[in-house]
Structure formats: structure tokens, C-alpha cells
Amino acid sequence: MGKKLKIGDKVHCTFLGEKFTGKIIEVKSPKTYNIELLDKSHLGTILPNVSWFEKPKKKKDTLPWYIHEKIK
């Protein structure tokens, strides 16, 4: 489990197998965030209900998007 994040924090996240840079725009719960992608090809795309990466028990439980690390 990663650190708690706040609005404006930048993170590295994965969306459908590709890595992107994003910014936290809303804290939904202590473990769930809305992220706006900052990469030029996906600028303005919002990922809803994103959480920190956790290894799934079953392969089918893999989420399509998740957070890897906070950018300092």
C-alpha cells in the first residue's frame, strides 16, 4: 500500500498496460483517487476510482488502472 495522497500530487500510474504521469484532482476516499493524465497524447483524460497497485489473488481481478508511485 502506498502513501496517502492529496489534491495536486503527481503520480506515475498505469492505464490499460501503458505508463502515464497524472495529477490527483479529487480524493474519493483514503484509498481511492480521481487522476487527470498529463501526457500530451492523453491530456485531460480522467481516470476514476484509482488506487495503489496491489498484487491480485487471481489474474482476472487485475484493475485496468492503478498508481505505482508518487513523483517528488
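Since the structure is predicted, the reported quantities are computational estimates derived from the model, not experimental observations.

Analysis parameters
For every chain, the first residue of the written sequence is number 1, and numbering continues from 1 onward in sequence order. Totals for whole chains, interfaces and linings use all residues, but because this is a predicted model, local features are given only for residues with pLDDT of at least 70 and pairs of side-chain atoms are given and counted only at 80 or more. Here the side-chain values reflect all heavy atoms present in the structure, with hydrogen atoms and water set aside. At least two DSSP bridges between two strands are required for those strands to pair. Here a strand is any run of E in DSSP of at least two residues, a helix any run of H or I of at least four, and the numbering for each starts at the N terminus. Where helices are involved, their axes are fitted lines through C-alpha atoms of the stretch in contact, as for all axes, and angles between N-to-C directions lie from 0 to 180°.

Chemist: Explain the pairing of strand 2 (residues 18-29) residue by residue, including any values.
Modeler: With six bridges joining them, strand 1 (residues 10-15) and strand 2 adopt antiparallel strand pairing. Along strand 2, the bridge assignment pairs K10 with K23. Turn length for the strand 1-strand 2 hairpin, with the two strands adjacent in sequence and antiparallel, is two residues, and the turn residue L16 shows positive phi of about 50°. In this structure, strand 2 lies alongside strand 3 (residues 32-37), joined through six bridges in antiparallel fashion. Note that in strand 3 the partner of G22 across the bridge is L37.

Chemist: Can you break down the sheet that holds strand 4 (residues 46-50) residue by residue, with the values?
Modeler: Strand order in the open sheet made by the five strands is 4-3-2-1-5, with antiparallel pairing throughout. Because the sheet does not close on itself, it has two edges, and the strands there are strand 4 and strand 5 (65-71). The average angle at which neighbouring strand axes cross in this sheet is 40°, direction not considered. Pairing geometry for strand 3 and strand 4, over three bridges, is antiparallel. Residue E36 lies in a different strand from strand 4, and its bridge partner there is I46.

Purely geometric stuff here, so don't read any function into it on its own.
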